[in-house]
Amino acid sequence: MATFLSAARFYRRALLSIENDPEGAYLNLITAGEIISNFHEPSEEEALDEEARAALARIANEMEDGERLATFLRGRLRGIKRRFVGAITSMVDDSFFERWEAEDQWGSFKRDGFPGRIAAAYDLRSRFVHSGYPFGPWINLHMSQDEVQLGEPVVADRRWPRS
């Protein structure tokens, strides 16, 4: 119950501040997602893609002391970002993608690109926290009616548009 209440508190802060402080609202929204994702214990299938599972199986089977090393690597691969993306995407069902709030369907979320969009949202928050580079104009409510950013922003730091 404490996890839910804590996440709800950050979510509420995000809703209350979106128009006046989009960066703060964004940080609160991602924080709410992180709290939820820490409560969500993903299965190995959710946490690791098929290629990673195959590599771990090969390590476990072919290396001396491979099982211990594979167990260690499994833990490391279940990092914060991967857990965040897995938790959020696992809680969104197909009906979410059948309706949209964008002006046109091309500006809406799609199931196949959704995990990448959630990962990018997490990366944007992380870049801001570590660099302080403002991103409020990118997420301003008045910039677009689209759910996803179309195109690539023009900024001095070439790493930012990848977020």
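Here the residue numbering is sequential within each chain, running from 1 through the sequence in written order. Only residues with pLDDT of at least 70 get local features here, since the model is predicted, and only at 80 or more are side-chain atom pairs given and counted; chain-wide, interface and lining totals rely on the full set of residues. Only heavy atoms go into the side-chain values, all of them from the structure, while hydrogens and water stay out.

Glancing now at unusual backbone geometry. For D65, which is not a glycine, the phi torsion comes out positive at approximately 60°. In this structure, D65 sits in the loop between α4 (50–62) and α5 (66–77). With a relative accessible area of 43%, D65 lands in the partly exposed category. Here a helix means four or more residues in a row that DSSP labels H or I, a strand means two or more in a row labelled E, and each is numbered from the N terminus. Burial classes follow relative accessibility: with a 1.4 Å probe on protein chains only, a residue under 20% of its type's maximum area counts as buried, one over 50% as exposed, and anything between as partly exposed.

This part is about the packing of helix α6 (residues 80–90) against helix α7 (residues 114–131). With axes taken as lines fitted to C-alpha atoms, and helix axes fitted only over the stretch in contact, angles between N-to-C directions fall between 0 and 180 degrees. Running from N to C, α6 and α7 point in directions that differ by 135°, and their axes come no closer than 9 Å. The angle between the axes of α6 and α7 places the two elements in the oblique class. With respect to the hand of their crossing, α6 and α7 are arranged in right-handed fashion. Two secondary-structure elements touch here, α6 through I80, K81, F84, V85, I88 and T89 and α7 through F114, P115, I118, A119, Y122 and D123. Under the scheme applied, nonpolar residues are Ala, Val, Leu, Ile, Met, Phe, Trp, Tyr, Cys and Pro; charged residues are Asp, Glu, Lys and Arg; polar residues are all the others, including Gly. A breakdown of the residues in the contact of α6 with α7 according to their chemical character gives nine nonpolar, one polar and two charged. Every angle not falling under 35 degrees, over 145, or within 65 to 115 is termed oblique; those three ranges are roughly parallel, roughly antiparallel and roughly perpendicular. Put simply, a crossing is left-handed when the front helix is turned counterclockwise from the back one by less than a right angle, and right-handed when it is turned clockwise. The contact criterion used is simple: two residues touch if any of their non-hydrogen atoms lie within 4.5 Å.

Overall, the prediction assigns the protein a mean pLDDT of 82, with 82% of residues at 70 or greater. As a per-residue measure, pLDDT tells how confident the predictor is, with possible values from 0 to 100. No element of the protein has a lower mean pLDDT than helix α3 (residues 44–47), which averages 68, and none a higher one than helix α1 (residues 2–17), which averages 94.

What follows is about the packing of helix α2 (residues 22–39) against α6. Two elements in contact, α2 and α6, have axes separated by 9 Å at closest approach and are oriented at 90°. Of the possible angle classes, the one that applies to α2 and α6 is roughly perpendicular. Here I30, G33, E34, S37 and N38 of α2 come into contact with α6, specifically with I80, R83, F84, A87 and I88. Among the residues forming the contact of α2 with α6, the class breakdown is five nonpolar, three polar and two charged.

All right, on to the packing of aromatic side chains then. Classification of ring pairs rests on two measures: the distance between centres of Phe, Tyr or Trp rings, Trp counted by its six-membered ring, which must be within 6.5 Å, and the angle between planes, read as stacked under 30 degrees, edge-to-face over 60 and tilted in between. In this structure the tally under the stated criterion is six aromatic pairs. Ring geometry for F96 and F109: centres 6.0 Å apart, planes at 35°, overall tilted. With a gap of 13 residues between them, F96 in the loop between α6 and α7 and F109 in the loop between α6 and α7 connect regions that are remote in the sequence. Residue classification places F96 among the partly exposed residues on the basis of a relative accessible area of 31%. You can call F109 partly exposed: its relative accessible area is 21%. Through a chain of ring-to-ring contacts, the aromatic side chains of F96, F97, F109 and F114 assemble into a single cluster. In this scheme, Lys NZ or Arg CZ marks a charge over a ring once it lies within 6 Å of the ring centre and within 35 degrees of the ring normal. We note R13 situated over the ring of F10; from NZ or CZ to the ring centre the distance is 4.8 Å. When the ring centre of Y122 is taken as origin, the NZ or CZ atom of R125, which lies over that ring, is 4.9 Å away.

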